[in-house]
2 protein chains.
Amino acid sequence: MTKTQASRSPSPPPFPLPYTTVDIVIFTVRDSVLEVLLVKRPADSREPFPSRWALPGGFVNIDLDLDLLACARRKLQEKTGVVSPYLEQLGSWGGRDRDPRGWSATHVYFALIPSDELELRHGANAADVSWMAVDRALKTRLAFDHSDLLAAAVERLRSKVEYTSLPAFLLREPFTLPQLQHVYEVVLGRPVDKSGFRTRMLAAGFLAEAGHVEGTSNRPAMGYRLISRDAAVVFPRTFSPRG
Amino acid sequence: MTKTQASRSPSPPPFPLPYTTVDIVIFTVRDSVLEVLLVKRPADSREPFPSRWALPGGFVNIDLDLDLLACARRKLQEKTGVVSPYLEQLGSWGGRDRDPRGWSATHVYFALIPSDELELRHGANAADVSWMAVDRALKTRLAFDHSDLLAAAVERLRSKVEYTSLPAFLLREPFTLPQLQHVYEVVLGRPVDKSGFRTRMLAAGFLAEAGHVEGTSNRPAMGYRLISRDAAVVFPRTFSPRG
DNA sequence: GTAATAGTGTCTATAAGACAGTATCAG
DNA sequence: CTGATACTGTCTTATAGACACTATTAC
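Please read all numbers here as calculations on a predicted model, not as lab measurements.

**Q** Would you take a moment to explain the overall build of chain A for this structure?
**A** Regarding its fold elements, chain A presents 5 helices and 10 strands. When each of the 243 residues of chain A is scored for burial, the buried share is 48%. Long-range pairs, those at least 24 residues apart, make up 64% of the contacts in chain A between residues at least 6 apart in sequence. Of the roughly 11,700 Å² of accessible surface on chain A, a fraction of 48% belongs to carbon and sulfur atoms.

If you want it as structure tokens, here you go:
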């Protein structure tokens, strides 16, 4: 199969093209609350949805971005400074009415980052960058169809937390099992049995011991690192009680 | 929130746009084999990948398609005549090199249809339309990055079959439990215990009895319909042995 | 010592896999 | 009747939830 040329400016097509954007739903846990990163749209009333909160994102730059994932990474780093977070594609949304400027399609990614590994940055097209509790963000009318995107991302996150090691990406390494359990409980919104939790995590085999951590509590706990930061581990069963 | 105008031709933007396409991975089971629908690229050597097999799909038409899902439905109907199949978004792939004509992004859907509800159609840009066994298609070099898309779709299908009612969408209603079990076995590529299978399906509560079906065998079996054709049901556990 | 959190052991209910057995049809 | 397929019952075993228990630190 020949991968030929592929160059900067494709010859203009004989039909109109949709706009192509990438948006990112960036989650973190701060002070026992699941939060999402939002940016405020510029106040300029010639822009769509002025002064409204939105997900970070923007147009694909075909000169800068080799592919969609690279574009997502670029935008994530512009806003948070985080270089290699957990990043997963959520899906794409496209249609005539989601952007008043015309037919557009957005490719949505969701990212998990530890709250203490970031420094928020104010970009060119974002008057303000801020964390907001997910529960509050879900009740806020975001720009474009971003409320839909956020709802989908939260649903995906909550769902996958039931049977994957995803929450581990919300913690800075090394972390302890009680810390990990706490993150699970924050995202799930309900308590989790300690004994079962520990058995499950250790049996899943994605954690490597990393020496004791002198932590927040009286007795030091074992610290762990992820064996692989590439992907989350899938558990054979769910967390649900009576499951 | 104001949903204003949104019209046919967006004002041309000050920067080049990627091409936007939709591709569909259409699965069916025929004669105990999982198959996928492929179209042959035109022989015209000015077209990319002439005479090569590809997934059905094409450019989004912003005048015809209200949104991505509508575009996928349109393309599916053009190729198969099927109107309301199971249709789920798989994800999107975009980058500089996947289409020699330039930066492009495709939104990929996958569809499940019963093999006896379709009539293949030859479209304008497809010299040939044909079913191919999935195992063979996976070994074939398809046009563009369609081999990647197909591999992802097959992985998603095989994975979801382990814990959802997806295979039910591959059968014409009403169907019997032995028929459904057979489809599961075809997609999974391994036998499934009869007793456990029946308990599981009936407990999942997505089937409604629809009278006895005088079928292929000696003893007639109970026929079933799906209570809802909107989505598949998720089982609490997996099919895997020793799981 | 006490308080606090880390970590372990044990019991039990549930449910799935395995497989043998019964029921109902065609011929 | 026989053969074939639809359907059911039972036994065993794995495991997750519940919860009580022990261990190791700070003070």
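**Q** Help me out: how do you make sense of the packing of helix α3 (residues 146–161) of chain A against helix α4 (residues 177–188) of chain A in this one?
**A** All names here are of chain A. Between α3 and α4, the least distance of the axes is 9 Å, while the angle of their chain directions is 135 degrees. Relative to α4, α3 is oriented oblique. The hand of the α3/α4 crossing is left-handed. Contacts between α3 and α4 involve L157, R158 and V161 from the former and Y184, V187 and L188 from the latter. Residues that form the contact of α3 with α4 fall into these classes: 5 nonpolar, no polar and 1 charged.

**Q** When you look at the packing of aromatic side chains in this model, what are you seeing that I'm missing?
**A** Both the distance between ring centres and the angle between the ring planes are used here to describe each pair of aromatic rings. Residue and element names in this part refer to chain B. In the structure shown here, the tally under the stated rule is 16 aromatic pairs over all chains. Aromatic side chains Y86 and F110 sit 6.4 Å apart centroid to centroid with 55 degrees between the ring planes, which places their arrangement in the tilted category. Note that Y86 is positioned in strand β5 (residues 86–95) and F110 in strand β6 (residues 104–112), a separation of 24 residues in sequence. The class for Y86 is buried, based on a relative accessible area of 8%. Ring geometry for Y184 versus F197: centroids 5.2 Å apart, planes at 70 degrees, classification edge-to-face. A residue pair is termed long-range when its members are at least 10 positions apart, and Y184 in helix α4 (residues 177–188) and F197 in helix α5 (residues 194–204) qualify at 13 residues. Each member of the pair, Y184 together with F197, is buried.

**Q** Where do I start with the sheet that holds strand β9 (residues 207–213) of chain A in this structure?
**A** Within a sheet, each strand pairs with its neighbour through backbone hydrogen bonds, oriented either parallel or antiparallel. Strand order in the open sheet made by the 3 strands is β8-β10-β9 (chain A), with antiparallel pairing throughout. The open sheet terminates on both sides in strands that have one partner only, identified here as β8 (175–176) and β9 of chain A.

**Q** What is the right way to look at the confidence of the model for chain A in this model?
**A** Low pLDDT marks regions whose predicted coordinates should not be analysed in detail. Residues and elements named next belong to chain A. With 88% of its residues at a pLDDT of 70 or more, chain A shows a mean pLDDT of 88. Of all secondary-structure elements in chain A, the lowest mean pLDDT belongs to β9, at 89, while helix α2 (residues 134–138) reaches the highest, 98. Counted against residues more than four places away or in other chains, residues 1–10, with its pLDDT under 50, gives 20 contacts.

**Q** What is the right way to read the pairing of strand β5 (residues 86–95) of chain A from this model?
**A** Note on strand geometry: in a regular strand, side chains alternate between the two faces of the sheet. All names here are of chain A. With 9 of 10 residues buried, β5 is to be regarded as a mostly interior element. The pairing of β5 with strand β6 (residues 104–112) spans 9 bridges and is antiparallel. Its bridge partner being in β6, L87 is matched across the sheet by A111.

**Q** Would you take a moment to explain the side chain of E173 of chain A for this structure?
**A** Residues and elements named next belong to chain A. Looking at the secondary structure, you find E173 in the loop between α3 and β8. At a separation of 2.6 Å, a polar atom in the side chain of E173 contacts the main-chain amide nitrogen of L226. Of note is the side chain of E173, whose polar atom sits 3.3 Å from the side chain of R229.

**Q** I keep staring at the sheet that holds strand β10 (residues 221–226) of chain B and nothing clicks. Help me out?
**A** Residues and elements named next belong to chain B. On the basis of which strands lie adjacent, the open sheet formed by 3 strands has the order β8-β10-β9 and antiparallel pairing. Single-partner strands in this sheet number two, and they are β8 (175–176) and β9 (207–213). With 5 bridges connecting them, β9 and β10 associate as antiparallel partners. By the bridge assignment, L207 is partnered in β10 with L226.

**Q** Explain helix α1 (residues 68–80) of chain B to me, please; I cannot follow it from the model alone.
**A** Residue pairs three or four apart in sequence face the same way in an α-helix, which turns once every 3.6 residues. Residues and elements named next belong to chain B. The end-to-end C-alpha separation of α1 is 18 Å, in line with the 18 Å expected for 13 residues at 1.5 Å each. Taken residue by residue, α1 has L68, C71, A72, R74, K75, L76, K79 and T80 as its buried positions. At the N-terminal end of α1, a side-chain oxygen is found 3.3 Å from the backbone nitrogen of L69, two or three residues along, and the residue is D67. Downstream of α1 by a residue or two, G81 has a phi angle that is positive, lying close to 80 degrees.

**Q** What am I meant to see in the environment of A221 of chain A here?
**A** Residues and elements named next belong to chain A. Relative to the elements of secondary structure, A221 occurs in strand β10 (residues 221–226). You can call A221 partly exposed: its relative accessible area is 22%. Put simply, A221 and P178 are 43 residues apart on the chain and 8.2 Å apart in space, counted from C-alpha to C-alpha.

**Q** Can you help me understand α4 of chain A in this one?
**A** All names here are of chain A. Compared with an ideal rise of 1.5 Å per residue, which puts 12 residues at 16 Å, α4 spans 16 Å between its outermost C-alpha atoms and is within 8% of the ideal. Residues L177, L180, Q181, V183, Y184, V186, V187 and L188 constitute the buried set of α4. In the segment just after α4, G189 is the residue with positive phi, at about 75 degrees.

Conventions used here
- Residues numbered from 1 in each chain as written.
- Chains lettered and ligands numbered in written order.
- Predicted model: local features only at pLDDT ≥ 70, side-chain atom pairs only at ≥ 80, totals over all residues.
- Heavy atoms only, no water.
- Helix = DSSP H or I, 4+ residues; strand = E, 2+ residues; numbered from the N terminus.
- Buried < 20%, exposed > 50% of the residue type's maximum accessible area, 1.4 Å probe, protein only.
- Contact = heavy atoms within 4.5 Å.
- Areas by Shrake-Rupley, 256 points an atom, 1.4 Å probe, with all protein chains shown as cover.
- Axes fitted to C-alpha atoms, helices over the stretch in contact; angles between N-to-C directions.
- Parallel < 35°, antiparallel > 145°, perpendicular 65-115°, else oblique.
- Left-handed = near helix turned anticlockwise from the far one by under 90°.
- Nonpolar A, V, L, I, M, F, W, Y, C, P; charged D, E, K, R; others polar.
- Phe/Tyr/Trp six-rings, centres within 6.5 Å; stacked < 30°, edge-to-face > 60°.
- Pairing = 2+ DSSP bridges.
- pLDDT = per-residue confidence, 0-100.
- Polar contact = N/O pair within 3.5 Å; in protein donor to acceptor, adjacent residues only side chain to side chain.
- Expected span 1.5 Å × (residues − 1).

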